[in-house]
Amino acid sequence: REPVANIGVMVTQPLPYPGKRDLQATIATREADAERPAIEAARLSVIARVKQAYYRLAYAYAGAEVLIRNRDLLDTLLKVSENRYAVGQAAQQDVIKAQTQLSIIELQLERLRQERTTREGELNALLARVSGTPVPRPDDLGLPPFSLDLGEIQQAAIAHSPMLERDQIMVARGELGVQAARLDYKPDFAVSGGYYSMGSMPAMYEFRFDVNVPLQRAKRAAAVVEQRQLAEQSRRTFQATRLTLQGRLEEDYQMASSAHRLALLYRDAVLPQARLALESSLASYQTGSVDFLSVLTNFGTVLEYEMTYFEELASFHTAVSRLEEMAGQPVAH
């Protein structure tokens, strides 16, 4: 009721320069899109780690079978050497060497048991299962034909790699950032309207149109330079990721190729020849034609080659799983 009393409300609507809001919305969308490939990369990483743990577990089973089979053979050799030593046809050192080799095999078996337990625990953790959950025995490691093409894998990686996709999105976001910084040179506007109760005097209505003039040109010029540098950084990051991916693909491809060739050589040539040499020396030892050291050497060679064969199989499958992780999709082989 007083002449100087007043109360009112004012509503203001900012009006950015045309294109600013749409550009900021696009930048926010790009930033959100850049996080989605990280989820896919994490998924591919888990799959690759599961496969690698699975192949190492399969190797532990296969290696244990090799050691047990050769331990039985060595036990037979030990009995033969003990019988020959009992009748004075062999030296005591032959018996001691055989016993030592048996102890070495037991050590190797214990390492593989530890490997098996470790890989089972790793698989349970990766599959979000309770610790100690029984893990079925994996399928035996096979040696499929090697038909991978490095060029095709690289093309698949360029098309499907989540990390490359993320860096590409960030390159586009950097270019939008430069455009947004340039738009800061443009003025912004605001429209306001209000109502005031003026006490004993008549009510008052107000309408305003504001213009925010960007006068700090040096500051905006520096912001443009900053966004250009960030955009260049995104491009360089994309190039670095692509080159790193290319190098890793070549490395794992060569590893898979080499492991496949070596496994073929061991399976088709080296192992059959080594087994023949062992069988021949064992037969000659029983007749006294060769000494026990030759038999034991041939036995150790066969055991080493068999273990190496399964190691190469595991290395081949592990390298292929890494290729699949980087390519972003299964790799036919």
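Residues numbered from 1 in each chain as written. Predicted model: local features only at pLDDT ≥ 70, side-chain atom pairs only at ≥ 80, totals over all residues. Heavy atoms only, no water.

Caption draft 1: A look at the overall build of the protein chain. Of regular secondary structure, the protein chain possesses six helices and three strands. The order of α-helices and β-strands along the protein chain, N terminus first, is β-α-α-α-α-β-β-α-α. The C-alpha atoms of the protein chain give 37 Å as radius of gyration, which overshoots the globular expectation for 333 residues (20 Å, by more than 25%). For the protein chain, the spread of C-alpha atoms along the principal axes amounts to about 135 × 45 × 30 Å. Residue pairs at least 24 apart in sequence account for 82% of intrachain contacts in the protein chain once pairs closer than 6 positions are excluded. (Helix = DSSP H or I, 4+ residues; strand = E, 2+ residues; numbered from the N terminus. Rg over C-alpha atoms; globule rule 2.2 N^0.38 Å. Contact = heavy atoms within 4.5 Å.)

Caption draft 2: Inspection of the sheet that holds strand β2 (residues 188-197) at higher detail. With antiparallel pairing, three strands are arranged side by side in an open sheet as β1-β2-β3. At either end of the open sheet lies a strand with only one pairing partner, and these are β1 (7-15) and β3 (204-212). Mean inter-strand twist for the sheet, computed between neighbouring axes without regard to direction, equals 15 degrees. Two elements, β1 and β2, share nine bridges in a ladder whose sense is antiparallel. Paired with Pro-14 across the strands is Ala-190, a residue of β2. (Pairing = 2+ DSSP bridges. Axes fitted to C-alpha atoms, helices over the stretch in contact; angles between N-to-C directions.)

Caption draft 3: Structural context of the packing of aromatic side chains. Scanning the entire structure with this criterion turns up seven aromatic pairs. Geometrically, the ring pair formed by Phe-189 and Phe-209 is stacked, given 5.8 Å between the ring centres and 20 degrees between the ring planes. With a gap of 20 residues between them, Phe-189 in strand β2 and Phe-209 in strand β3 connect regions that are remote in the sequence. The class for Phe-209 is partly exposed, based on a relative accessible area of 48%. (Phe/Tyr/Trp six-rings, centres within 6.5 Å; stacked < 30°, edge-to-face > 60°. Buried < 20%, exposed > 50% of the residue type's maximum accessible area, 1.4 Å probe, protein only.)

Caption draft 4: Just the environment of Gln-108, in detail. Assignment of secondary structure puts Gln-108 in helix α2 (residues 92-126). For the pair Gln-108 and Ala-64, spaced 44 residues apart in sequence, the C-alpha to C-alpha distance is 8.3 Å.

Caption draft 5: Inspection of the side chain of Asn-70 at higher detail. Inspection of the secondary structure puts Asn-70 in helix α1 (residues 20-86). Leave out the neighbours within four places in its chain, and Asn-70 touches Ile-105, Phe-299, Val-302, Leu-303 and Glu-306.

Caption draft 6: Looking closely at the pattern of salt bridges. What the rule picks out here adds up to 21 salt bridges. Its salt-bridge partner being Lys-51, residue Glu-324 comes within 2.5 Å of it at the nearest N-O pair. Note that Glu-324 is positioned in helix α6 (residues 292-327) and Lys-51 in helix α1, a separation of 273 residues in sequence. One salt bridge in this structure joins Glu-115 and Arg-119, with 3.0 Å as the shortest N-O distance. Residue Glu-115 and its partner Arg-119 are located together in helix α2, separated by four residues, close to a single helical turn. With a relative accessible area of 21%, Arg-119 lands in the partly exposed category. (Salt bridge = Lys/Arg side-chain N within 4 Å of Asp/Glu carboxyl O.)

Caption draft 7: Main features of the packing of α2 against α6. One can describe the packing of α2 onto α6 by two numbers: an axis separation of 10 Å at closest approach and a directional angle of 10 degrees. One way to sum up the angle between α2 and α6 is to call them roughly parallel. For the pair α2 and α6, the contacting residues are Asp-94, Lys-97, Ala-98, Gln-101, Ile-105, Gln-108 and Leu-112 in the first and Phe-292, Leu-293, Leu-296, Phe-299, Leu-303 and Met-307 in the second. In terms of residue class, the contact of α2 with α6 is built from nine nonpolar, two polar and two charged. (Parallel < 35°, antiparallel > 145°, perpendicular 65-115°, else oblique. Nonpolar A, V, L, I, M, F, W, Y, C, P; charged D, E, K, R; others polar.)

Caption draft 8: Summary view of the packing of helix α3 (residues 150-160) against α6. Following both chains from N to C, one finds α3 and α6 inclined at 40 degrees, their axes separated by 8 Å at the closest point. The angle between the axes of α3 and α6 places the two elements in the oblique class. Of α6, the residues touching α3 (which contributes Ile-153, Ala-156, Ala-157 and His-160) are Leu-323, Met-326 and Ala-327. Considering only residue class, the contact of α3 with α6 consists of six nonpolar, one polar and no charged.

Caption draft 9: Geometry of the environment of Leu-15. Positionally, Leu-15 belongs in strand β1. Along the sequence, Leu-15 and Val-191 sit 176 residues apart, while their C-alpha atoms lie 7.3 Å from each other. If near-sequence neighbours (up to four positions away) are discounted, Leu-15 is found in contact with Asp-188, Phe-189, Ala-190 and Val-191.

Caption draft 10: Seen up close, the pairing of β2. Note that β2 and β3 share nine bridges and pair antiparallel. Note that in β3 the partner of Ala-190 across the bridge is Asp-210. Here β2 folds back onto β3 in antiparallel fashion, the turn holding six residues, of which Gly-199 has a positive phi close to 70 degrees.

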